[in-house]
Amino acid sequence: MIVIENAYVAPVVGAEIPDGHVAIEGNRIVSVGAGPYPGAGERVDGRGRLVTPGLVNTHHHLYQWASQGLAPDGTLFEWLVASYPVWARMDAEVVHGAATAGLAWLALSGCTTTTDHHYVFPKGRGDLFAAEIQAAAEVGLRFHPCRGSMDRGRSQGGLPPDEVVETLDEILAETEAAVRKYHDPLFDSMVRVAVAPCSPFSVSGDLMRQAAALARDLKVRLHTHGAETLDEDDHCKEQFGMLPVEYLESLGWLGPDVWIAHSVHLTDADIARFAETGTGTAHCPSSNGRLGAGIARVSELLRAGATVGLGVDGPGSAEFIPLAGEIRQAMLMQRARYGPQALTARQALEIATIGGARCLGRETEIGSLEPGKLADVAVWRVDGPYAAAADPIVALGYGQTPPLARLIVNGVTVVEDGELRTVSGEAAGAAGARAHARLLRS
Ligand SMILES: [Zn+2]
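The notes below deal with the structure included here. (Residues numbered from 1 in each chain as written. Predicted model: local features only at pLDDT ≥ 70, side-chain atom pairs only at ≥ 80, totals over all residues. Heavy atoms only, no water.)

1. Concerning unusual backbone geometry
In most cases, non-glycine residues show a negative phi, while peptide bonds are predominantly trans. Phi angles above zero are rare outside glycine, and Ala-71 is one such case at about 40°. In this fold, Ala-71 is placed in the loop between β6 (55–57) and α1 (76–87). (Helix = DSSP H or I, 4+ residues; strand = E, 2+ residues; numbered from the N terminus.)

Given below as structure tokens:
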């Protein structure tokens, strides 16, 4: 039993508790309430601490830790064209090292559940999917790896060079095998797999349709990139005669089991369709800013009742990846577009927690602090040296990301007093550096 007491508790679902407790037994939350907890257990002093649900990262490409800094002033398409030949050289060792470093940073920024979208599988380079699942188990995060894919190389009118794409048959077989091997549907699952063709400009319509059928057959979720840039709008109009969301809908890719990365360039009709169909958005503000993609219509999506989660995107297109920092970035970008009431710190915390859980179909298990839910909990230091705001949610959202007093995932302490407990932070950073060196010299 772990008992966090005397803390400012923000359950996200339900009222905030200025002087409250969260009690954890095994991998479940057993009590959230005012005052001390009457039962026995290891005490964590919560004075000067803010307790929130662990953050949920809904979009990432962990392998890109090893390819940071390419095309620093490029558009999405320019950056991709510069990156594909580098990614073609990656192997399982690069993926494991890059994922270890990326996952360590996520843990240190309050993330307890993360997705990863891996879509480059060069031949003869080892089991890349297994490598990242192993890294997540070592760091101790709840993991939703998305088996990505590309089958439309340059010779087929796509953007990627032919050497980084796979055939449709290979992709479907490998994706099904990954789901059967790793996907765990149980309530307290630590690994769930999604089916995730990469994007309209790197994937055939046939693959999108068959991937959707496969995912629905296997009862797993669907993820892809969509409506990220105006170049993508032009590509879709030219190749398919419609805009990205219309194209996705024509392929059976809107629905409550789908979440889409970016969704920056949405029409009013797209926003309404996202809300009506339950389609989720993984909002990645730093990446959108870095690539000059635009500012997503997040506050309008939320007003329409659509599901929105937060994502850091890959460190190749958003070298700054602490997830808590994206809370601030999301607020700033919405306010820059719509004014100071566009997204409050509390709304931003919501999309970073329960919104992300909804994207992953796990809102009954994670994303809020409620008895019976899984014990994924972040305890932030919002006292003197780190924050001087009276409102701890304002301190978390507006200020420098505070250090973690604790990060608990599935009842296990992963971070304590700002240091990783599961792996050494220094070793994780070194693994990332080695992955970078290996990828660039190979
Ligand atoms: Zn992405």
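2. Describing the state of the cysteines
For the coordinates displayed, the defined rule picks out 0 disulfides. The cysteine Cys-111 is free of any disulfide, with Cys-284 supplying the nearest cysteine sulfur at 13 Å. For Cys-111, a relative accessible area of 0% gives the class buried. Here Cys-236 stays unpaired: no disulfide links it, and the sulfur of Cys-198, its closest cysteine neighbor, is 13 Å away. (Disulfide = S-S within 2.5 Å. Buried < 20%, exposed > 50% of the residue type's maximum accessible area, 1.4 Å probe, protein only.)

3. Topic: the nonpolar core
By size, the foremost hydrophobic cluster in this structure holds 114 residues, and its most contacted members are Leu-80, Trp-87, Met-90, Leu-103, Trp-253 and Trp-380. By residue number, the principal contributor to this core is helix α2 (residues 92–108), which donates 9 residues. One finds Ala-7, Ile-29, Val-377 and Ala-405 within the second-largest nonpolar core, a separate group that totals 16 residues. (Core = buried A, V, L, I, M, F, W, Y, C linked by side-chain atoms within 4.5 Å.)

4. As for the packing of aromatic side chains
Using the criterion set out here, one finds 8 aromatic pairs in the structure. Aromatic pair Tyr-63 and Trp-87: ring centres 5.2 Å apart, planes at 90°, arrangement edge-to-face. Placement of the pair is Tyr-63 in the loop between β6 and α1 and Trp-87 in helix α1, with a sequence separation of 24 residues. With a centroid separation of 6.1 Å and 80° between ring planes, the pair formed by Trp-87 and Tyr-119 is classed as edge-to-face. Placement of Trp-87 in helix α1 and of Tyr-119 in the loop between β7 (111–118) and α3 (128–139) is noted, with a sequence separation of 32 residues between them. Take Trp-87 and Tyr-119: they sit in the same class, and that class is buried. Linked through ring pairs, Tyr-63, Trp-79, Tyr-84, Trp-87 and Tyr-119 together constitute an aromatic cluster. The ring of Phe-121 has Arg-147 sitting right over it, with the charged end atom 3.7 Å from the ring centre. (Phe/Tyr/Trp six-rings, centres within 6.5 Å; stacked < 30°, edge-to-face > 60°. Lys NZ or Arg CZ within 6 Å of the ring centre and 35° of its normal.)

5. A closer look at empty space enclosed by the protein
With the rule as written, the count across this model stands at 1 cavity of 30 Å³ or more. There is about 110 Å³ of room inside the largest cavity. Contributing to the lining of the largest cavity are 17 residues, with Leu-76, Trp-79, Tyr-119, His-225 and Glu-228 lying nearest its centre. Ranked by the residues each element gives to the lining of the largest cavity, the list is headed by α1, at 4 residues. (1 Å grid on protein atoms, 1.4 Å probe; cavity = no way out; pocket = protein on both sides within 12 Å on 5 of 7 lines; lining within 4 Å. Points joined across faces, edges and corners; volume = space filled by probe spheres on them.)

6. A closer look at a negative patch on the surface
A surface patch of like charges, here negative, comprises Glu-78, Asp-231, Asp-234 and Glu-238. Looking at the negative patch element by element, the count peaks at 3 residues for helix α6 (residues 230–240). Relative to the elements of secondary structure, Asp-231 occurs in helix α6. Classification of Asp-231 by relative accessible area gives partly exposed; the value is 33%. (Patch = residues over 30% accessible without salt bridge, like charges linked within 9 Å, V, L, I, M, F, W, Y side chains within 5 Å. Areas by Shrake-Rupley, 256 points an atom, 1.4 Å probe, with all protein chains shown as cover. Salt bridge = Lys/Arg side-chain N within 4 Å of Asp/Glu carboxyl O. Lys, Arg positive; Asp, Glu negative; His and termini not counted. Charge placed at Lys NZ, Arg CZ, Asp CG, Glu CD.)

7. Observations concerning the layout of surface pockets
Any empty space left between atoms is shown by rolling a water-sized probe over those atoms. Of the volumes computed, that of the largest pocket is approximately 320 Å³. Taken together, 15 residues form the lining of the largest pocket, with Phe-121, Gly-126, Asp-127, Arg-147 and Glu-174 sitting closest to its centre. The set of elements that each furnish at least two residues to the lining of the largest pocket consists of α3 and α4 (168–182). Among the elements that take part in the lining of the largest pocket, α4 stands out by supplying 6 residues, more than any other. Roughly 200 Å³ of volume is contained in the second largest pocket. Along the walls of the second largest pocket sit 13 residues, with His-183, Arg-192, Lys-219, Arg-221 and Leu-360 positioned nearest its centre. Residues of the lining of the second largest pocket, tallied by class, amount to 6 nonpolar, 3 polar and 4 charged. (Nonpolar A, V, L, I, M, F, W, Y, C, P; charged D, E, K, R; others polar.)

8. What to know about the side chain of Arg-290
Along the chain, Arg-290 falls in helix α9 (residues 285–290). Within the structure, Arg-290 has its side chain in polar contact with the backbone oxygen of Gly-316 (distance 3.3 Å). If sequence neighbours within four positions are ignored, Arg-290 has contacts with Gly-69, Leu-70, Ala-71, Pro-72, Trp-79, Gly-316, Ser-317 and Glu-319. (Polar contact = N/O pair within 3.5 Å; in protein donor to acceptor, adjacent residues only side chain to side chain. Contact = heavy atoms within 4.5 Å.)

9. Points about the pattern of salt bridges
Side-chain pairing between opposite charges can occur once the charged atoms of the two side chains come close. Following the criterion strictly, the structure yields 25 salt bridges and no others. Where Arg-147 meets Glu-166, a salt bridge forms, and the shortest distance between an N and an O atom there is 3.0 Å. Taken together, the residues span a long stretch of sequence, with Arg-147 in strand β8 (residues 142–149) and Glu-166 in the loop between β8 and α4 at a distance of 19 residues. Given a relative accessible area of 4%, Arg-147 falls into the buried group. Residues joined in a network through salt bridges with shared partners are Glu-42, Arg-406, Glu-416 and Arg-421.

10. Remarks on the coordination of the zinc ion
In the first shell of the zinc ion, the protein supplies His-59 (NE2), His-61 (NE2), His-225 (NE2) and Asp-313 (OD), at 2.0 to 2.5 Å from the metal. Taken together, the 4 donor atoms surrounding the zinc ion define angles of 87 to 176° at the centre, an arrangement classified as irregular. Between consecutive donor residues of the zinc ion, the sequence gaps follow H-x1-H-x163-H-x87-D. Here the residue His-225 occupies a position in strand β10 (residues 222–226), and Asp-313 occupies one in the loop between β13 (307–310) and α11 (323–338), the gap between them amounting to 88 residues. Of the residues examined, Asp-313 reaches a relative accessible area of 3% and is grouped as buried. (Donors = N, O, S within 2.8 Å, 3.2 Å for Na, K, Ca; no water. Tetrahedral: all angles 85-135°; square planar, octahedral: opposite > 155°, others 65-115°.)

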